[in-house]
Amino acid sequence: MIKNILIEIGLIARFTARFFREVFKPQFEFSEFLRQCFYIGNKSFPLVAITAFIMGLVITMQSRPTLVEFGAQAWLPKMISVSLVREIAPVITALICAGKIGSGIGAELGSMKVTEQIDAMDVSGTNPYKFLVVTRVMATTLMIPILAILADGISLYGGYLGCNIHGLVSWDLFWNQVFDTLVFADIVPSILKTFFFGFIIGIIGCYQGFNSSKGTEGVGQSANSAVVISSLLVFIIDLLAVQITDALNLN
Amino acid sequence: MAEVVEHNKSFNSLESVISIKGLRKAFGDNKVINGFDFDLKRGENVVVLGKSGSGKSVLIKLIIGLMKPDQGSIEVFKDKVETLSTSQLDEMRVKVGFLFQSNALYDSMTVRENLEFPLRRHRKKTSKEEVNKLVMEALTNVGLPQTVDMMPSELSGGMRKRIALARTLILKPEIILYDEPTTGLDPITGKEISHLMLDIQKKYNTSSIIISHDINCVKIVANRIVMLIDGICYATGTYNELENSTDTRVKQFFE
Ligand SMILES: Nc1ncnc2c1ncn2[C@@H]1O[C@H](COP(=O)(O)OP(=O)(O)O)[C@@H](O)[C@H]1O
Ligand SMILES: [Mg+2]
């Protein structure tokens, strides 16, 4: 069991190392990259938006009673803006994309693998790693931060509505408080980590797809493993990120 | 039967387009190809006959460079495949077409885009009109010009096979490697595909290796048959010769 996990980690590391070798070689497949970016944005934005909105609203409503108890409800926008922007919006975005994009990539490349489409690209004078993997990993690495930034805004709007259910703050006051609270040390690390989330979602999806075993069962398993492993890694990266910001006194 | 190859035509005096010597390939302890020798002559259709899992697909994937051999040499047009650089390998793959068992049509692309893919990749400078002409020519050759704007998922199994064949033909290869071209098709469609393969051999004077265990297809297309058993070339001969063989392991394929 432990041995298998270590072997798997080694294989993923090798697959990732290949990404860094291939990404700098000439002949970047730009149109495929754009197609993937569009696809990712198009496919996950609605879900990310709805979830971020609901999370913003719910977190605000649930935090309110505690603050009221201490007579500190004026702090509500401050408190929720930190938790939403630092943690909730980026992690929710990453998890949704792991579920939607990571599994999609795993299933797509998996079925391409078992129906020999990847071999067919190879004999058609195309490096399938560059065409399929590099473009998808670049696309997830770029798009997940963009989606996360949108999720930040949308979840804060949800937070604003949450504050206002009890007629608490005006639009201007809310946003003034939010931007007074949020500093460089909140925003930059939280965006930086989403690049890593995106990279991991792309690379794990591609790795699972490329190593899919024969049969439709293999394809389903690739999609499933892509979601499980990348979601787990998202949390691990999140844990590492908080350690780093803590060590740098940014928290 | 209207159209069958000349079973007894001799290719012995012609040049070899593929020459394999002492080929070995194992996956772990599984010795799939175990000292295989073989020559394909110009213009010849050779069928490789063998049980499921005997290493037939591995054999032709070694020839096209999708897998690397452990030992032995494969020469395609006098070039040793294992020594070729990526760009030389691409040049070789223009001359050697591969028809995949599962067709390998790109699901996300239309029929036209599927056919354009190898053209645009291998011959980057081909003009738009030229690409169009070649796509329509290849589709006409397989009798399906009307499918040009359809998606692969909208086609039947036999049509998909024809489109895959059109995609292989579009680069006008001199050698075609067919991986079980009639497996999974109904007998009538299988026969149509077999005759199509014969037409192509005649029209473009291609040489082919055809992997099959469909004895009807073998009867139609084979100039010569090679039996792949235990990873070696166990027996070779024309259809009639092998059909009358006394070796039980050979005979079982013809029952
Ligand atoms: N990439 C691979 N890794 C490990 N084993 C393989 C691989 N490809 C083929 N094999 C093994 O090689 C043997 C021959 O496979 P194949 O050539 O596909 O058979 P077939 O004659 O039916 O085409 C099988 O036992 C298969 O398990
Ligand atoms: Mg096979």
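Scroll up for the structure.
Worth saying up front: this structure is predicted, and the values here are computed from it rather than measured.

> If you had to explain helix 5 (residues 157-169) of chain B to someone new, which residues and values would you point to?
Its 13 residues place the ends of helix 5 of chain B 18 Å apart at the C-alpha level, agreeing with the 18 Å of an ideal helix rising 1.5 Å per residue. Of all 13 residues that make up helix 5 of chain B, 10 are buried, and the element is covered over most of its length. For helix 5 of chain B, the set of buried residues is Gly158(B), Lys161(B), Arg162(B), Ile163(B), Ala164(B), Leu165(B), Ala166(B), Arg167(B), Thr168(B) and Leu169(B). Elements in contact with the buried residues of helix 5 of chain B: helix 4 (117-123) of chain A together with strand 6 (96-99), helix 3 (111-122), helix 4 (128-141), strand 7 (175-179) and helix 6 (187-204) of chain B.

> Explain the interface of chain B and chain A residue by residue, including any values.
Contacts between the two partners involve 20 residues from chain B, matched on the other side by 18 residues from chain A. For the pair chain B and chain A, the number of links is four salt bridges. Note that Glu116(A) and Lys61(B) form a salt bridge whose closest N and O atoms lie 3.0 Å from each other. Going through the elements one at a time, helix 2 (86-95) and helix 3 of chain B are the ones with two or more residues in the side of chain B that touches chain A. When residues in the side of chain B that touches chain A are grouped by element, the largest group, four residues, is from helix 3 of chain B. In the side of chain B that touches chain A, the residues fall into eight nonpolar, four polar and eight charged.

> I'd like a description of helix 1 (residues 56-63) of chain B, backed by residues and values.
All names here are of chain B. Of all eight residues in helix 1, seven are buried; the element is thus mostly enclosed. For helix 1, every residue scored as buried is listed here: Lys56, Val58, Leu59, Ile60, Lys61, Leu62 and Ile63. Just past helix 1, the residue Gly65 takes up positive phi, approximately 85°.

> Tell me about the layout of surface pockets, and please be specific about residues and values.
Residues and elements named next belong to chain B. Space inside the second largest pocket adds up to approximately 410 Å³. Top element by residues in the lining of the second largest pocket is helix 3. It accounts for five residues. Classifying every residue of the lining of the second largest pocket by side-chain character gives seven nonpolar, two polar and nine charged.

> Which residues make up the sheet that holds strand 5 (residues 79-80) of chain B, and what are the values?
Residues and elements named next belong to chain B. Spatially, the four strands line up as an open sheet ordered 2-1-4-5, and their pairing is antiparallel. On the outer flanks of this sheet lie strand 2 (30-41) and strand 5, each paired with one strand and no other. With two bridges connecting them, strand 4 (residues 71-76) and strand 5 associate as antiparallel partners. Residue pairing in the sheet places Glu75 in a bridge with Lys80 of strand 5.

> Explain unusual backbone geometry to me, and be specific about the residues and the numbers.
Not every positive phi belongs to a glycine, and Glu116(A) is a case in point at roughly 65°. When you line up the elements, Glu116(A) lands in the loop between helix 3 (76-114) and helix 4. Since its relative accessible area comes to 6%, Glu116(A) is described here as buried. Backbone geometry at Lys78(B) places phi at a positive 70°, although glycine is not the residue there. Its location among the elements puts Lys78(B) in the loop between strand 4 and strand 5.

Thresholds, definitions, all that
Residues numbered from 1 in each chain as written. Chains lettered and ligands numbered in written order. Predicted model: local features only at pLDDT ≥ 70, side-chain atom pairs only at ≥ 80, totals over all residues. Heavy atoms only, no water. Helix = DSSP H or I, 4+ residues; strand = E, 2+ residues; numbered from the N terminus. Expected span 1.5 Å × (residues − 1). Buried < 20%, exposed > 50% of the residue type's maximum accessible area, 1.4 Å probe, protein only. Contact = heavy atoms within 4.5 Å. Salt bridge = Lys/Arg side-chain N within 4 Å of Asp/Glu carboxyl O. Nonpolar A, V, L, I, M, F, W, Y, C, P; charged D, E, K, R; others polar. 1 Å grid on protein atoms, 1.4 Å probe; cavity = no way out; pocket = protein on both sides within 12 Å on 5 of 7 lines; lining within 4 Å. Points joined across faces, edges and corners; volume = space filled by probe spheres on them. Pairing = 2+ DSSP bridges.

Keep in mind that these numbers describe shape and distance, not what the molecule does.
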